[in-house]
Amino acid sequence: MVTREDVENIALLSKLFVPEEELDALTKDMQEIIDFADTINNASVDEECFDNINNLSNVLREDEVVKSYPSEEILKNAPEQAEQHFLVRNRE
Amino acid sequence: MGTIAKIHELLETKQISCEELTKQYLDEINKANGELNAYVLVTDKQALETAKAVDKKIADGEKIGMLEGVPMTLKDNLSTKEIETTCCSKILKGYKPIYDATVWEILKSQNAVLLGKTNMDEFAMGSSCETSCFGGATNPHNTKHCSGGSSGGVASAVGGNIAAYGLGSDTGGSIRQPASFCGIVGLKPTYGTVSRYGLIAYASSLDQIGPITKSVEDASIVYDVISQYDPKDSTSQGKKGPNTFDTLNNDIKGMKIGIPKEYFEGVRDDVKEAIFASLKIFEDMGAQIVHFDLPAVKYALPVYYIIACAEASSNLGRYDGIRYGYKTAHYNGTHDMVCRTRSEGFGEEVKRRILLGTYVLSAGYYDAYYKKAQNLRGTIVSAFNKAFECCDVILAPTVPMTAFEMGHAVSDPIETYLTDICTVPVNIAGLPGVSVPCGFNAKGMPIGMQFIGKKFGEAQILNAAYKYQQAAGENFKDTKWGVKL
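What counts and how
- Residues numbered from 1 in each chain as written.
- Chains lettered and ligands numbered in written order.
- Predicted model: local features only at pLDDT ≥ 70, side-chain atom pairs only at ≥ 80, totals over all residues.
- Heavy atoms only, no water.
- Pairing = 2+ DSSP bridges.
- Helix = DSSP H or I, 4+ residues; strand = E, 2+ residues; numbered from the N terminus.
- Right-handed = clockwise from strand over helix to strand, strands pointing away.
- Salt bridge = Lys/Arg side-chain N within 4 Å of Asp/Glu carboxyl O.
- Buried < 20%, exposed > 50% of the residue type's maximum accessible area, 1.4 Å probe, protein only.
- pLDDT = per-residue confidence, 0-100.
- Core = buried A, V, L, I, M, F, W, Y, C linked by side-chain atoms within 4.5 Å.
- Contact = heavy atoms within 4.5 Å.
- Buried area = accessible area lost by both parts, 1.4 Å probe.
- Polar contact = N/O pair within 3.5 Å; in protein donor to acceptor, adjacent residues only side chain to side chain.
- Nonpolar A, V, L, I, M, F, W, Y, C, P; charged D, E, K, R; others polar.
- Axes fitted to C-alpha atoms, helices over the stretch in contact; angles between N-to-C directions.

1. What to know about the pairing of strand E10 (residues 288–292) of chain B
Residue and element names in this part refer to chain B.
For step 1, the next point in the chain: Summarising the sheet, strand E9 (residues 256–260) and E10 pair through 5 bridges and their orientation is parallel. Bridging across to E10, Pro260 finds its partner in Phe292.
For step 2, the next point in the chain: Crossover E9 to E10 through helix H8 (residues 269–284) is right-handed.

2. Focus on the pattern of salt bridges
For step 1, the next point in the chain: Under the counting rule described, the total for this entry stands at 24 salt bridges over all chains.
For step 2, the next point in the chain: The shortest N-O distance in the salt bridge between Lys56(B) and Asp60(B) comes to 3.0 Å.
For step 3, the next point in the chain: The shortest N-O distance in the salt bridge between Asp170(B) and Arg176(B) comes to 2.9 Å. For the pair formed by Asp170(B) and Arg176(B), the shared burial category is buried.
For step 4, the next point in the chain: Connected through shared salt-bridge partners, Asp29(A), Glu349(B), Arg352(B) and Arg353(B) make up one network.

3. A word on the confidence of the model for chain B
For step 1, the next point in the chain: Confidence in the prediction for chain B averages 96 pLDDT; 100% of positions are at 70 or higher.
For step 2, the next point in the chain: Taken over the whole predicted complex, pTM reads 0.96, whereas the ipTM for its chain interfaces reads 0.93.

4. Notes on the nonpolar core
All names here are of chain B.
For step 1, the next point in the chain: Grouped together as the largest cluster of nonpolar side chains are 168 residues, with contacts concentrated most on Leu107, Phe123, Tyr165, Phe282, Phe384 and Phe451.
For step 2, the next point in the chain: Here this core gets 11 residues from one element, more than from any other, and that element is helix H9 (residues 300–315).
For step 3, the next point in the chain: In terms of nonpolar packing, the next biggest core, distinct from the first, is built from 7 residues, Ala403, Phe404, Ala409 and Met445 among them.

5. A few points about the interface of chain B and chain A
For step 1, the next point in the chain: Listed per partner, the contact involves 67 residues of chain B and 50 residues of chain A.
For step 2, the next point in the chain: Of all residues in chain B, Ile98(B), Leu355(B) and Tyr359(B) bury the most surface against chain A, accounting for 13% of the area lost on that side.
For step 3, the next point in the chain: Across the contact surface, chain B and chain A share 2 salt bridges.
For step 4, the next point in the chain: The salt bridge partner of Asp29(A) is Arg352(B), with a shortest N-O separation of 2.6 Å.
For step 5, the next point in the chain: Between the two partners, chain B and chain A, sit 15 residue pairs in polar contact (both at pLDDT 80 or more).
For step 6, the next point in the chain: Only H9, helix H10 (334–345), helix H11 (348–361), helix H12 (367–390) and helix H14 (413–418) of chain B provide two or more residues apiece to the side of chain B that touches chain A.
For step 7, the next point in the chain: When residues of the side of chain B that touches chain A are assigned to their parent elements, the largest contribution, 14 residues, is made by H12(B).
For step 8, the next point in the chain: When the residues that make up the side of chain B that touches chain A are grouped by side-chain class, the tally is 34 nonpolar, 19 polar and 14 charged.

6. Some points on the sheet that holds E9(B)
All names here are of chain B.
For step 1, the next point in the chain: Pairing is mixed in the open sheet, where 11 strands are placed in the order E1-E3-E2-E6-E8-E7-E12-E13-E11-E9-E10. Every other strand in the sheet has two partners, leaving strand E1 (39–42) and E10 as the edge strands with one partner each. Recorded for the sheet is a direction-independent mean angle of 30° between the axes of neighbouring strands.

Here you go:
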């Protein structure tokens, strides 16, 4: 059972604001989706075959300095910047 | 019908210059895009520059490659250096990547003519292209219907002849479903064959880039070029074996084509009939039809939504208003800034999937949902492995229906999720799948079917699909739009 409090809690974890007037509708939507997801609980799993479906292994490289992007390039897309750094927020 | 091979021939034999051709495409985009809404950005200047370079090469008597000078498009989640890449989300408006996606780097080096970036569901989350912040792309066969999604813009552009081909991405069917809806070909390659570097992530263990084209031959040509090992993608493996193009026309006598019963449950009659009609064509070519059960796929859809949303909730954590994209105008402290930025920047469906993903990963629910889904993922992989012991390729519907009307998908999330029921198993198991047109329903809307192969079995599914098109015709219907060649 998905409650309003559940939705408020996961919204906080997701760093999203859900306006009070949308909370009921969203709780209902989430309940429907979770009911649908619950169908997997009827399935029996024979073996523990957790993850690595795509046969991946770690890819490592030599610990050498390689060419990267100049900071001016990277900062071009920053909404706000100050003194060659990303500006997270203005001081109050 | 403006295939790659046809355009290559026209350019090589100097029947048309690349500049002339590119201008034709740009003119047609101008005329059609108001209604199709396929392009969200037209890169005319760059397209014409490349076209001129190709013309110079031809004038100098140099040989040109198959994709050289062919006008094409990229889904707007593929990074293009200095060219706005938005994922059709408000949160990335104005973002200009400082590097190219590997697939675009490869095509650019071959002088592919980029006409522009195409429409998609926001962050590739949707099945009708309508979650795009630019509004959805429409279907070139009937603009009251949607293009499908999430790579709806590419499919609408290729189906509407305002691009020769395009690249999309497929996480749960986003290449194959819109290709099916728009009456064209869409190939989702084996996980790892095409580099995902520069593809803006939705669900990294499922995402794969692939071509959307007018014919199976074109899909093979593009796939052979883009399937290269890339050290910048740690999951990259490249293609195994020779080019798929070399074996397209191989005899399929004795090939075992598997028909899984579960894929046809709940599929509309017009779709079923079109696919069953194709079986006769295969039998006439000497292929063997094998009917079998694949019960594990009935859990594929909930498994997909749990895994995809879990990965998305993590991947989309990067949109915080600090490094790129949208930032809220007024805020009170860092937490408030991040929350406002994300709440104002993301659309409804994206928020819904982030919330669902956070829910299934949160303490108390992780074992019941995420871990169980991952275990079932393993079960589905085993089921496919077993299926391929009795057949060489699997044939199934791409979508249980034809393109629905605009506005239909938005009303009910679960009903919309159900349209992905035939496409998601391939992503879960990391297999290749190609959707091919197999007819039209009474209302003139295209029907598609998909061939599913073993891992790295692209050559086999493209061979089967090509032979089908040779025998049955391409089932391609020119629409009123676009360049006529």
